[in-house]
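# Commentary on secondary and tertiary structure
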Amino acid sequence: MNTLTNPNPIGIFDSGVGGVSVLKEIRNLSNTEDLIYFADSAHCPYGFKSPEEIRSRIIKITRFMLEHKAKLIVAACNTASIAGLDFLRKIFNVPIVGMEPAIKPAAALTQNGKVGVLATGVTISGDRFNSLLERYANGIEVFRVACPGLVEQVEQGLINEPETIAMLKVFLKPLIDAGVDTIVLGCTHYPFLRHQVEAIAGPSVQVIDTGNAVARRVVQVLSEENLLNDVSTPKGQEQFYTSGEPEHVGKVIAKLWGDNSVKVKKMKL
Ligand code: DGL
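The structure displayed is predicted, hence computed values, not measured ones.

Of the consecutive residues Cys44 and Pro45, the connecting peptide bond is found in the cis state with omega at 5°. Within the secondary structure, Pro45 sits in the loop between β2 (35–39) and α2 (51–67). Even without a glycine there, the phi angle at Lys69 is positive, about 65°. Residue position: Lys69 is located in the loop between α2 and β3 (72–75). You will see that Asn226, though not glycine, has its phi angle at about 55°, which is positive.

Below, the structure is given as structure tokens:
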């Protein structure tokens with residue numbers, strides 16, 4: 001039996017508040033781990049930045065996480081993962097788990113062979129995405145839609161507002177017209193809009209993302225590396241940091257995380 005445990009936190013970051021959707025999945029699977037979340041809100045969205053700019057941001061964030069003794073890093077951002085995951089893994093000697101759009105599960109789930117992907121422009125145009133298609137989407141038609149502005153709506157906490165719904169209708173139209181039966185939410189901000197996407201796409205379309213799979217991978221890596229926390233410890237704590245305006249980011253995170261007592265600290269990196 002493995003008796004080694006490690007009380008250090010898991011570090012989770014995103015360009016902004018979207019990675020909170022992944023944080024939730026991790027907390028659902030593990031009640032004992034301490035979690036540090038960094039929202040790079042002062043530099044959000046990443047979707048319009050060059051891969052070089054994104055890499056420079058996520059190096060700084062990973063350093064910050066390591067200063068806080070993070071035992072594992074989660075790049076809870078598809079855009080950052082596509083642009084810089086391999087790069088981070090070369091630089092830092094810590095387990096790093098990243099995101100990738102759920103092409104593999106979508107290819108397994110689709111009945112009619114038509115899959116839609118909503119993501120940022122960086123995510124759906126990178127080599128990593130093309131390699132995902134080559135590996136998993138054989139014989140499947142994949143329709144990609146970049147969704148400029150959607151991340152910003154979630155950053156403002158505008159989930160149910162008419163403007164957000166109107167944007168979603170525009171982004172979903174080509175997918176509905178193409179007759180997709182599966183839609184992949186390829187950005188960690190979008191699970192907060194899942195119900196709205198489902199309502200527009202209708203009951204014959206299934207909407208999926210990778211948050212839960214990534215959380216399972218996190219627990220698996222911690223277990224393999226003997227890094228899990230002692231299960232008899234009290235409930236794990238969350239700490240939130242942002243490069244943006246903590247009061248505003250705090251309000252939005254409180255709404256998305258579902259806890260009004262959330263405090264977010266400013267951290268300029
Ligand atoms: N949550 C990020 C993702 O998964 C958003 C990217 C952005 O900031 O544009 O891609």
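Moving on to the nonpolar core. Judged by nonpolar contacts, the single largest core of 55 residues is most densely connected at Val74, Leu118 and Ile253. In this structure Val74 touches Ile10, Gly11, Ile12, Phe13, Val22, Ile26, Val97, Val214 and Val218, once residues within four positions along its chain are discounted. If you look at the next biggest cluster of nonpolar residues, it comprises 23 residues, including Phe38, Phe92, Val122 and Tyr241.

If you walk across this open sheet you meet the four strands as β6-β5-β7-β8, and the pairing is parallel. Looking along the sheet, the strands with just one partner apiece sit at the ends: β6 (141–146) and β8 (206–208). Neighbour-to-neighbour, the strand axes of this sheet turn through a mean angle of 20°, independent of strand direction. When strand β5 (residues 114–119) meets β6, the two strands line up parallel, connected through six bridges. In the strand pairing of β6, Lys114 is matched with Glu141. Its contacts with the sheet put helix α9 (residues 194–201) on β7 (182–185) and β8, and the angle it makes with β8 is roughly 155°.

Time to look at the sheet that holds β2. With respect to topology, six strands assemble into an open sheet ordered β4-β3-β1-β2-β9-β10, the strand pairing being parallel. The sheet is open, and its two borders are formed by β4 (96–98) and β10 (264–266), each paired with just one other strand. When strand polarity is set aside, the average angle formed by the axes of neighbouring strands in this sheet is 20°. Bridge count for β3 against β4 is three bridges, and the pairing is parallel. Within β4, the position partnered with Ala75 by the bridge is Gly98.

Another point: the packing of aromatic side chains. Counted under the stated rule, the structure contains four aromatic pairs. Ring plane angle 55° and centroid distance 6.1 Å describe the contact between Tyr37 and Phe240, whose orientation is recorded as tilted. With Tyr37 in strand β2 and Phe240 in strand β9 (residues 238–242), this pair connects stretches of sequence that are 203 residues apart. When its relative accessible area of 0% is taken as the criterion, Tyr37 is described as buried.

The rules behind each value
- Residues numbered from 1 in each chain as written.
- Predicted model: local features only at pLDDT ≥ 70, side-chain atom pairs only at ≥ 80, totals over all residues.
- Heavy atoms only, no water.
- Helix = DSSP H or I, 4+ residues; strand = E, 2+ residues; numbered from the N terminus.
- Core = buried A, V, L, I, M, F, W, Y, C linked by side-chain atoms within 4.5 Å.
- Buried < 20%, exposed > 50% of the residue type's maximum accessible area, 1.4 Å probe, protein only.
- Contact = heavy atoms within 4.5 Å.
- Pairing = 2+ DSSP bridges.
- Axes fitted to C-alpha atoms, helices over the stretch in contact; angles between N-to-C directions.
- Phe/Tyr/Trp six-rings, centres within 6.5 Å; stacked < 30°, edge-to-face > 60°.

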